[in-house]
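# Residue-level structural notes
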Amino acid sequence: MQRALMLAREGEVLGEVPVGAVVVVNDVIIGEGFNQPISSHDPTAHAEVVALRAAAGKTGNYRLENATLYVTLEPCTMCVGALVHARIARVVFAAAEPKAGSLVSARRQLENGYYNHVFVFAGGLLADEAGMMLSDFFRRRRAAQKSGINRSESDE
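Residues numbered from 1 in each chain as written. Predicted model: local features only at pLDDT ≥ 70, side-chain atom pairs only at ≥ 80, totals over all residues. Heavy atoms only, no water.

### Quick word on the overall build of the chain
A count of helices and strands for the chain gives five helices and five strands. Ordered by position in the sequence, the α and β elements of the chain form the string α-β-β-α-α-β-α-β-β-α. Here the C-alpha radius of gyration of the chain, 15 Å, is about what a compact globule of 156 residues would show, namely 15 Å. Dimensions along the principal axes, computed over C-alpha positions, put the chain at roughly 50 × 30 × 25 Å. (Helix = DSSP H or I, 4+ residues; strand = E, 2+ residues; numbered from the N terminus. Rg over C-alpha atoms; globule rule 2.2 N^0.38 Å.)

Below, the structure written as structure tokens:
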């Protein structure tokens, strides 16, 4: 999770919402990423999807059956779907996402019984650090908007 937090900070420097993710198999990182939908002009470029793409490319297989994803924020609906399709084994997230989280918060997607694959998950690992990073990011963004600083693309 420490590496995921470092990646989140990299994204934040680019003006992205600070979320980072790593895919691990046998204690080795095989894929990593941070949020980059703004800089890549790709609405699907969430940290989890970027990390899954890297891991699939490295392994030569879109199925990551023995892998664990560590991510600094509870995955959204799109990312949970990608994790199901990748056949990820486990997800560990830091901070819960009360508005859009799709494992334990706003939606509990894996509880509906519709999916042919489910993964185990746990939340709370380094949640305070990840949550503070996100809170600080949005506090600074709101303050900049209030003070009349020109809005960047990331504020739209």
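### Comments concerning the environment of Arg 108
Position of Arg 108 among the secondary structure elements: in the loop between β4 (90-95) and β5 (120-123). Judged by relative accessible area, which is 44%, Arg 108 ranks as partly exposed. Taking the C-alpha atoms as reference, Arg 108 lies 9.3 Å from Thr 77; in sequence the two are 31 residues apart. Residues contacting Arg 108, with those up to four places away along its chain left out, are Ser 102 and Leu 103. Within the local environment of Arg 108, its side chain forms a polar contact with the backbone oxygen of Val 104, the two atoms lying 3.3 Å apart. (Buried < 20%, exposed > 50% of the residue type's maximum accessible area, 1.4 Å probe, protein only. Contact = heavy atoms within 4.5 Å. Polar contact = N/O pair within 3.5 Å; in protein donor to acceptor, adjacent residues only side chain to side chain.)

### A closer look at the pattern of salt bridges
Going through the model one piece at a time under the given rule, you end up with seven salt bridges. A salt bridge links Arg 53 to Asp 42; its shortest N-O distance comes to 3.4 Å. Linking Arg 53 in helix α3 (residues 47-59) with Asp 42 in the loop between α2 (37-40) and α3, this pair joins segments that are eleven residues apart in sequence. According to the relative accessible area criterion, Arg 53 is partly exposed, its value standing at 46%. With a relative accessible area of 22%, Asp 42 lands in the partly exposed category. Glu 111 is the salt-bridge partner of Arg 108, the closest N and O atoms lying 3.4 Å from each other. It is possible to trace a salt-bridge network through shared partners that takes in Arg 3, Glu 10 and Glu 32. (Salt bridge = Lys/Arg side-chain N within 4 Å of Asp/Glu carboxyl O.)

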